[in-house]
Amino acid sequence: MNREPTNEQGEFFIVGKDTGSGFTLWDVCPAPADPARRAIMLEEAGVDVHDAMGELLTERAATAHDAVRQALGTVRERARLAYYSWSGTGSWAPSVLPVPQPAAGGPYGQASLRGATKDGAFCVTATALPGAPSFTVRGLAGRSTPGTRDRVRAGVINNGWHWPLCNVLIEVSPPAGARRAVGVRGASALDLAIACAVLAASGQLSGPCLAGAAAVGELGLDGAVRVPWDLSEAVEAITAPGTVAALVPAAGTDGAGGAGARLIGVRSLNEAADALAGHRHHPAGCAHCCHGAVPHQPCTPSVWCPACREDRCAW
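A brief look at the structure comes next. (Residues numbered from 1 in each chain as written. Predicted model: local features only at pLDDT ≥ 70, side-chain atom pairs only at ≥ 80, totals over all residues. Heavy atoms only, no water.)

### Looking at the packing of aromatic side chains
Thought 1: All told, the structure shown has one aromatic pair when counted by the stated rule.
Thought 2: The interplanar angle of 65° and the centroid separation of 4.8 Å between the aromatic rings of phenylalanine 135 and tryptophan 163 together place this pair among those described as edge-to-face. Here phenylalanine 135, found in strand β7 (residues 134-138), pairs with tryptophan 163, found in the loop between α3 (145-158) and β8 (167-173); they are 28 residues apart in sequence, far enough to count as distant. A single burial state applies to phenylalanine 135 and to tryptophan 163, both of which are buried. (Phe/Tyr/Trp six-rings, centres within 6.5 Å; stacked < 30°, edge-to-face > 60°. Helix = DSSP H or I, 4+ residues; strand = E, 2+ residues; numbered from the N terminus. Buried < 20%, exposed > 50% of the residue type's maximum accessible area, 1.4 Å probe, protein only.)

Next comes the structure, spelled out in structure tokens:
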């Protein structure tokens, strides 16, 4: 049932059940190309799924995994819930599309991501704490803070994410051992890193997804990733040891050279989150990625990350 189509785009039937707070995936299969057979299969499957109190969705995609991803995006948007989980069985376990679950007691957590401006590289740490909803950014020049907060919050919401209703604190600090600056200049280049860190701290993006990654880019109010001032200098500063890849504006990849790190062009916050969740910033030879595992730190076949070492017996 879980076959991949041979053509570039194919239709798939996705069968599962909406539990109200999540979606349980039962099966996925390619739809017959013949219209008559498709109609018969759709009718028969529809009756069976209805009797089982389930739901049948159809999606056109290049692969079955892509079809599942699209279908889950549809039901999540329809649910309009801050946390809409999903589960699967067999080969359709959550390795298809890892969905982080909220931490016990609420969407509270901490996550860090590297960012950079023309002044150098910085560590962006987001913390979601219990308390009255607020959004505080520390470490930027005073006049930059209000604009940063507005762009990040609007970009997150307008890209379909949930803004955490808690005390969100952002700390922008230089790498360990570096001298703390009075205020970061060109702070808009940190927008993308701040937004991704907020999503991870609030449980909407798995924290381990950020390992080895960096992000440089200004966010528009619609969540589009724009080229910030002096992008090339910021990219040069971010390509430090420990950075496997950097997410940068797609429009600026040609003029931004990064020695020692791979540049991944993204057009929106959604594309950036998808690249992180899909491990696309990890090395091509990453042993853990080859097995479709949950988010983890980057590794190679010869140097395994902690998650790989723990799970290697299950392979």
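Moving on from the coordinates now.
### Here's the deal with helix α1 (residues 35-51)
Thought 1: Here α1 spans 24 Å end to end across 17 residues, near enough to the 24 Å set by a 1.5 Å rise per residue.
Thought 2: With a side-chain oxygen lying 3.2 Å from the backbone nitrogen of alanine 36, the N-terminal cap of α1 falls on aspartate 34.
Thought 3: Positive backbone phi, at 60°, marks methionine 53, one or two positions downstream of α1. (Expected span 1.5 Å × (residues − 1). Polar contact = N/O pair within 3.5 Å; in protein donor to acceptor, adjacent residues only side chain to side chain.)

### Looking at the packing of helix α4 (residues 191-201) against helix α6 (residues 269-277)
Thought 1: Relative orientation of the contacting elements α4 and α6 amounts to 60°, with a least axis distance of 11 Å. With respect to each other, α4 and α6 are oriented oblique. Regarding α4 and α6, the two cross each other, and that crossing is right-handed. Between α4 and α6, the contacting residues are Leu192, Ala195, Cys196 and Leu199 on the first element and Leu269, Ala272 and Leu276 on the second.
Thought 2: For the contact of α4 with α6, a count of residues per class yields seven nonpolar, no polar and no charged. (Axes fitted to C-alpha atoms, helices over the stretch in contact; angles between N-to-C directions. Parallel < 35°, antiparallel > 145°, perpendicular 65-115°, else oblique. Left-handed = near helix turned anticlockwise from the far one by under 90°. Contact = heavy atoms within 4.5 Å. Nonpolar A, V, L, I, M, F, W, Y, C, P; charged D, E, K, R; others polar.)

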